[in-house]
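A closer look at the structure
Next come the chains, spelled out residue by residue.
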Amino acid sequence: MTDNNVKPYISLRNVSFSYELEDGMRLGALKNISLDIKKGEFVAILGHNGSGKSTLAKLLNMILAPDSGTIIIDGRDITSKEMTEEDVFDIRRHVGMVFQNPDNQLVATIVEEDIAFGCENLGIPPKEIRKRVDDALETVGMTDFARHEPHQLSGGQKQRVAIAGIIAMLPDTIIFDESTAMLDPAGRDEVMRTISSLNRDHGITVLHITHNMSEAIEADRVIVINDGEIYMDGIPTEVFFQVEKLKSVGLDVPQVTDLIWRLKRLGCPVSGDALSPEAAADALLPLLKV
């Protein structure tokens, strides 16, 4: 966790956004959101489909612009009318984004060429690109696949290549927009290890939008968005132990947390709560000794 006295790296104040429908009406996606994220935080963002979480990600990456409100990233007001195309490009370099389907982000026929693509667009000298590509491959554990064709890789490996392409541009923040949703369990584990390492070992600020509760518990902080508003915001234990509140907005909790909650409702004398299998085992062990 980061120091509470550290100045926010990302700050939203009274941000709203709506989509225009075919009939001319507008659908509110985010409603007057205010939020601070500190440099180096690992934040999981949860919400049911249509809650506004992906819209939030696109606002931070300047794919969308808010209807109202202010967004400040690293001291720069990205909602200012004075922002130039060069400013927008620079923000996108500092705030990278990895999407759900890795196939949509892979553009070259060789892995290392794909990772170099973004750096080439930035006009970085070839020697520096070579170093960045090698470093990015090592960071995501894909050095041995540098000369492979992306279409021959597994889903998890493709997503790690997509992440490496972002890392090579040296961002301060990476937004993962349901980047594990299309992967099998092994692929999800690969990508989550990479995400955790980027945050823990490299100090990159991570915003991980996910439906997977077991992924969210790895974060420092969990933000729940419901119908375009901040519904809950706290450390994983503060959020996930409020089982009924989460279920009331159509969200689930980690399986072990749900198990302990159900046992308590049935009258079992279980003490405490649990986010991990180990914590659940500790809570249930006294019952087996009775």
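For the structure itself, consult the block above.
On a plain count of helices and strands, the protein chain comes out with eleven helices and ten strands. The C-alpha atoms of the protein chain give 21 Å as radius of gyration, which agrees with the globular expectation for 290 residues (19 Å, within 12%). Along the first, second and third principal axes, the C-alpha atoms of the protein chain reach 70 × 50 × 45 Å. Counting over 290 residues, the protein chain shows a buried share of 49%. Treating the 29 positive side-chain charges of the protein chain as one cloud and the 45 negative ones as another, the clouds have centres 3 Å apart.

Right, let's talk about the pairing of strand β2 (residues 26-38) for a bit. Pairing analysis gives nine bridges linking strand β1 (residues 8-20) to β2, with the strands arranged antiparallel. In the sheet register, L12 faces β2, and the bridge partner there is L35. Hairpin connection, β1 to β2: the antiparallel pair is bridged by five residues, and G24 has positive phi, about 90 degrees.

Further remarks concern the pattern of salt bridges. Enumeration over the complete set of coordinates arrives at 20 salt bridges. Between R132 and E128 there is a salt bridge, with the nearest N and O atoms lying 3.0 Å from each other. Linking R132 with E128, this pair stays in helix α4 (residues 126-139), spanning four residues, or about one helical turn. With its nearest N and O atoms 2.9 Å apart, the salt bridge here joins D233 to R221. Taken together, the positions of D233 in strand β10 (residues 229-234) and R221 in strand β9 (residues 221-226) put the pair twelve residues apart, joining distant regions of the chain. Taking relative accessible area as the criterion, R221 reaches 10% and is therefore assigned buried. Here the salt bridges do not stand alone but share partners, grouping E112, R130, D134 and R147 into one network.

Scanning the model with the defined rule gives one aromatic pair in all. Ring geometry for F17 against Y19: centres 4.7 Å apart, planes inclined by 85 degrees, an arrangement best described as edge-to-face. We note K39 situated over the ring of Y9; from NZ or CZ to the ring centre the distance is 4.5 Å. Looking at K245, its charged tip hangs above the ring of Y231, at a distance of 5.3 Å from the centre.

To continue, consider a nonpolar patch on the surface. On the surface, a cluster of nonpolar side chains totalling about 370 Å² of accessible area is made up of Y19, L21, M25 and L27. In this structure, Y19 sits in strand β1. On the basis of relative accessible area, Y19 is assigned to the partly exposed category, the value being 31%.

Across the sheet, four strands lie side by side as β2-β1-β4-β5; this open sheet has antiparallel pairing. What marks the edges here is a single partner per strand, and that holds for β2 and β5 (76-77). Against the sheet, helix α1 (residues 53-60) contacts β1, β2 and β4 (68-73), and its axis sits at roughly 120 degrees relative to β1.

Moving on to the sheet that holds β9. One open sheet holds the six strands; their spatial order is β6-β7-β8-β3-β9-β10, and the pairing between them is mixed. On the outer flanks of this sheet lie β6 (95-98) and β10, each paired with one strand and no other. Ignoring which end each strand starts from, the neighbouring axes of this sheet average 20 degrees apart. Pairing geometry for strand β3 (residues 42-46) and β9, over four bridges, is parallel. Among the inter-strand pairings, A44 is bridged to a residue of β9, identified as V222. Seen against the sheet, helix α5 (residues 155-167) touches β6 and β7 (173-177) and runs at an angle of roughly 170 degrees to β6.

Each value, and the rule that gives it
Within each chain, residues carry numbers counting from 1 in the order of the written sequence. Residue-level local features of this predicted model are given only where pLDDT is at least 70; pairs of side-chain atoms are given and counted only at 80 or more, and the full residue set underlies all totals for whole chains, interfaces and linings. Heavy atoms from the whole structure form the basis of all side-chain values; hydrogens and water molecules are not counted. The way it works is that DSSP assigns letters per residue, a run of H or I at least four long becomes a helix, a run of E at least two long becomes a strand, and they are numbered from the N terminus. Only C-alpha atoms enter the radius of gyration; for comparison, a globular chain is expected to reach 2.2 Å times N to the power 0.38, where N is the number of residues. Relative accessibility under 20% of the residue-type maximum defines a buried residue, over 50% an exposed one, and the middle range a partly exposed one, all with a 1.4 Å probe and only protein chains included. Neither His nor the chain ends contribute to the count of charged residues, in which Lys and Arg are positive and Asp and Glu negative. One atom stands in for each charge, and that atom is NZ of Lys, CZ of Arg, CG of Asp or CD of Glu. Two strands make a pair as long as DSSP finds a minimum of two bridges between them. A carboxyl oxygen of Asp or Glu within 4 Å of a side-chain nitrogen of Lys or Arg is what we treat as a salt bridge. Centres within 6.5 Å are what make two rings of Phe, Tyr or Trp a pair, Trp counting through its six-membered ring; a difference in plane orientation under 30 degrees is then read as stacked, over 60 as edge-to-face, and the rest as tilted. The rule for a charge over a ring is simple: NZ of Lys or CZ of Arg within 6 Å of the ring centre, and within 35 degrees of the ring normal. Within the patch definition used here, like charges are joined within 9 Å and nonpolar side chains (Val, Leu, Ile, Met, Phe, Trp, Tyr) within 5 Å, considering only residues with over 30% relative accessible area and no salt bridge. For the area figures, the Shrake-Rupley method with a 1.4 Å probe applies, and any residue is considered shielded solely by the protein chains shown. Should any heavy atoms of two residues lie within 4.5 Å, those residues are counted as being in contact. Axes here mean lines fitted to C-alpha atoms, for a helix over just the part in contact, with angles spanning 0 to 180 degrees between N-to-C directions.

The analysis is restricted to geometry; functional conclusions fall outside its scope.
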